[in-house]
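# Working through the structure, step by step
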Amino acid sequence: MESVILVEGITKCYRSGEHVIPPHRMLKNEIEHIVRRCCGKHSAVRESHRKFEALKDISFSVQKGECLGILGKNGSGKSTLIRIIAGLTKPSAGSVTVHGETGILAGVGLGMHPELTGRENIYISGGIMGLSKRTIDERMDAIIEFSELEHVLATPIKFYSNGMRARLSFSVSIHLDHPDILLIDEVLAAGDLAFQQKCLERMETLIKGGTTIVLATHSIGYLSHLADNCIYLREGRLAEWGKTNIAIAAYCRDIRIQLPKKEALSPVHL
Amino acid sequence: MRQTTLITNQVKWWHLDVAKLWRHRQIVGFLVWRDIAVRYKQTYVGILWVILQPVIEMIVFTLVFHRFVGIRSPGLPYPVFVYLGLLPWTYFTSSVSRMMTSIVGEKALMTRIVFPRLYLPLSKALSELADFLAAFSVLFLLMWIYSVPVSLQIFWIVPLFVLTVLVAVGTGLLLAGAHAIYRDIGLIVPYFLRIMMFVTPVIYPIKTVSPQWQWLLRFNPFTGIIEGFRSAIMQTAMPLHLLADSAIATCVLLLLGLFVFQKLEPRFMDEI
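The rules we used
Residues numbered from 1 in each chain as written. Chains lettered and ligands numbered in written order. Predicted model: local features only at pLDDT ≥ 70, side-chain atom pairs only at ≥ 80, totals over all residues. Helix = DSSP H or I, 4+ residues; strand = E, 2+ residues; numbered from the N terminus. Rg over C-alpha atoms; globule rule 2.2 N^0.38 Å. Buried ≥ 20, exposed ≤ 12 C-beta atoms within 10 Å, placed from the backbone. Contact = placed C-beta atoms within 7 Å. Domains from an automatic or database assignment. Nonpolar A, V, L, I, M, F, W, Y, C, P; charged D, E, K, R; others polar. Pairing = 2+ DSSP bridges. Axes fitted to C-alpha atoms, helices over the stretch in contact; angles between N-to-C directions. Parallel < 35°, antiparallel > 145°, perpendicular 65-115°, else oblique. Left-handed = near helix turned anticlockwise from the far one by under 90°. Core = buried A, V, L, I, M, F, W, Y, C linked by C-beta atoms within 7 Å.

Now for the overall build of chain B. Secondary structure summary: chain B contains 12 helices and 1 strand in total. Taken from N to C terminus, the helices and strands of chain B fall in the order β-α-α-α-α-α-α-α-α-α-α-α-α. A globule of 272 residues ought to have a C-alpha radius of gyration of about 19 Å, and chain B, at 20 Å, matches this closely. In terms of overall dimensions, chain B has C-alpha extents of about 65 × 45 × 40 Å along its principal axes. The buried share of chain B, reckoned over its 272 residues, is 38%. Long-range pairs, those at least 24 residues apart, make up 79% of the contacts in chain B between residues at least 6 apart in sequence.

Here is the structure:
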């Protein structure tokens, strides 16, 4: 099998503590530093901040057509990992090799504006997430039908309820172009049961069509349904990489919850 | 053959991925359209604000600087004269201010969507064009009211305006990049722009400045541009030496802005 994503020794450091913006990055100190350097003196303000490793020495690979799940508690590094693979941010060390075009689904309704109408926001959001105007025109009917919001499409979305706004955004996201590799960062948990069911069906179709998927989610139900393999991140370290049931078991053992019986593990239950 | 991407912590000192810019070009149109569509929503007079803002400013400036202070404008009625200065200057200040905050203001997009970050400030410079064109149409009304004749020389305004946009883009990129890292910039720039207007011949003709101080104005790329705008209407000789200065300053600003922006870009994600 050919691996389409190869992650080798990824580490990502952020700063932590009181000076999240380190002292040397403040304009005053930066100027002082430059002046000192010009005078040939060593500046002490550099490197005085603490480092926090969001990811530490992560290595794994994803095969073509595989669905890989990413498990972990809040703050364990799932989003950071997804963002690095997507090329949104650079790792502090290590490398990622990606064969093929990646797409990231890390939020729905991006770019939407409260003052614009439902229909205008479909264009804006679709366009900002990568569709052309012509493609949106073609898919408009399908998007409207999916959202079940035809009666309020000419109303600014600031007058929508939260649920209506969510439905509008989801409908756009689900009609985006899907690339060779789709990275999904926890966007499926929101939405009602019917919507989650639609998402699940959509992803099953994508996987059958040969799309590689990397899916970060808290929903064990989704993972056990879709993922071939999982990685489990514990405080930025790779605690487990293997078959989905093994990784889920390790995760559940850590957070001390009883693993439901196999037949109870459907996405609508968790 | 499918593309292969290698992601490491290596940052090239100069990276401008033209293929990526081209691939994502459709996003510019949507960003500009959203900007324009949203601007005057839920205002009573709506789109009329585009014209009201410069006209009110023109009236106040005429009253204060022409009637009260007594600044003269040989060759042009003062309202037309000051309006010609305000047109490019207002475009410059409003697009620079909006470009500056464009990176920090779109944090949600920055952290969730892959697209060339250059397009965020650029789309602001483009959406401000709509306001400029609307304000520009008022110029013809003013010229008709004050019976200022129109000649072919008015077409000089096209290259002059291109120069205005380029100065704004260069300055805006520089500030957008710097503002994402140092928020100090956001506090300084509004004052700086206000002070800059007084060393730009917006409210007075450059000829009233005594020769020993004129060198100071020549450092300002807007001196040539605004004098050029006025010559285009007054049908006097173009201040070509001033414009040459402006063109050189513009090139330097553009390259510097692009360089600083691209250089700081990898840090945006982790620091905004």
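On we go from here.
When the parts of a complex come together, some accessible area is lost, and that lost area is often used as the size of the interface. Residues and elements named next belong to chain A. If you check the domain split of chain A, you get domain 1 (9–53) and domain 2 (63–264). Each side of the interface is counted separately: domain 1 has 6 residues, and domain 2 has 8 residues. The greatest single-element share of the side of domain 1 that touches domain 2, amounting to 5 residues, is contributed by strand 1 (residues 3–16).

So, about the interface of chain B and chain A. Facing 28 residues of chain B, the contacting portion of chain A comprises 34 residues. For the side of chain B that touches chain A, the secondary structure elements donating two or more residues are strand 1 (4–7), helix 2 (26–39), helix 6 (107–112) and helix 12 (240–271) of chain B. Examining the composition of the side of chain B that touches chain A, we find that 6 residues originate from one element, helix 2 of chain B, more than from any other. Tallied by class, the residues present in the side of chain B that touches chain A amount to 14 nonpolar, 8 polar and 6 charged. In the sheet, strand 4 (residues 93–99) of chain A pairs with strand 1 of chain B via 4 bridges, with the strands oriented antiparallel. Note on strand 1 of chain B: the bridge partner recorded for V98 of chain A is T5 of chain B.

With that settled, consider the pairing of strand 8 (residues 229–234) of chain A. Each regular strand carries side chains that alternate between the two faces of the sheet. Residue and element names in this part refer to chain A. Sheet topology note: the strand 3 (residues 67–71)/strand 8 ladder contains 4 bridges and is parallel. Residue pairing for strand 8: L71 is matched across the bridge by Y232. Pairing analysis gives 6 bridges linking strand 8 to strand 9 (residues 237–243), with the strands arranged antiparallel. Each bridged residue has a counterpart across the sheet, and for R234 the counterpart in strand 9 is R237. Linking strand 8 back to strand 9 in an antiparallel pair, the connection comprises 2 residues, with E235 at a positive phi of about 50 degrees.

Residue and element names in this part refer to chain B. The N-to-C vectors of helix 3 (residues 49–68) and helix 7 (residues 119–145) enclose an angle of 60 degrees; their axes lie 9 Å apart at closest approach. Looking at the two axes, helix 3 sits oblique to helix 7. In the packing of helix 3 onto helix 7, the handedness of the crossing is right-handed. Of the residues in helix 7, those in contact with V50, I51, P54 and V55 of helix 3 are D131, A134, A135 and V138. In terms of residue class, the contact of helix 3 with helix 7 is built from 7 nonpolar, no polar and 1 charged.

Turning to the environment of R139 of chain A, a few remarks are in order. Secondary-structure assignment places R139 of chain A in helix 4 (residues 133–147). For R139 of chain A, a count of 20 C-beta atoms within 10 Å gives the class buried.

With that settled, consider the sheet that holds strand 6 (residues 181–185) of chain A. Residue and element names in this part refer to chain A. Read across the sheet, 6 strands follow the order 5-6-7-3-8-9 without closing on themselves; strand pairing throughout is mixed. Strands with a single pairing partner mark the edges of an open sheet, and in this sheet they are strand 5 (102–105) and strand 9. On average, each strand axis in the sheet is tilted by 15 degrees relative to the strand beside it, whichever way the strands run.

All names here are of chain A. Tracing the chain through its elements places I248 in helix 8 (residues 244–255). Residues I248 and C230, 18 residues apart in the sequence, show an inter-C-alpha distance of 7.8 Å. What I248 contacts, discounting residues up to four positions off in sequence, is L71, I220, L223, S224 and C230.

Attention shifts here to the nonpolar core. Ranked by internal contacts, the top residues of the largest apolar core, which has 76 residues, are I128 of chain A together with L87, Y119, A168, L175 and A176 of chain B. Once residues lying within four places of it in the same chain are set aside, the contact partners of A176 of chain B are M99, M100, S102, I103, P121 and F261 of chain B. Judged by nonpolar contacts, the second largest core, of 51 residues, contains L71, I85, V108 and A227 of chain A.

The phi dihedral of E148 of chain A falls on the positive side, at around 55 degrees, and the residue is not glycine. Along the chain, the position of E148 of chain A falls in the loop between helix 4 and helix 5 (162–174). Positive phi is not limited to glycine here, since S147 of chain B has a value of about 45 degrees. Looking at where S147 of chain B falls in the secondary structure, it is placed in the loop between helix 7 and helix 8 (157–181). Overall, the presence of 7 C-beta atoms within 10 Å leaves S147 of chain B in the exposed class.

Now for the environment of D180 of chain A. Here D180 of chain A is to be found in the loop between helix 5 and strand 6. Here the alpha-carbon distance between D180 of chain A and T212 of chain A, two residues 32 residues apart in the chain, equals 6.2 Å.

What follows deals with helix 3 (residues 118–128) of chain A. By the criterion of burial, helix 3 of chain A is predominantly enclosed, with 10 of the 11 residues buried. Within helix 3 of chain A the residues assigned to the buried category are G118, E120, N121, I122, Y123, I124, S125, G126, G127 and I128 of chain A. Turning to helix 3 of chain A, the residues buried within the fold contact helix 4 and helix 5 of chain A together with helix 2 and helix 6 of chain B. Following helix 3 of chain A by one or two positions, G130 of chain A adopts a phi angle in the positive range, close to 115 degrees.

The relative placement of two packed helices is expressed as an angle between their axes plus a distance between the axes. All names here are of chain B. Close contact between helix 11 (residues 221–234) and helix 12 brings their axes to 7 Å; oriented N to C, the two are set at 135 degrees. By the angle class used here, helix 11 and helix 12 are oblique. Relative to helix 12, helix 11 is oriented so that their crossing is left-handed. Of helix 12, the residues touching helix 11 (which contributes P221, T223, G224, I225, E227 and G228) are L242, L243, D245, S246, A249 and T250.

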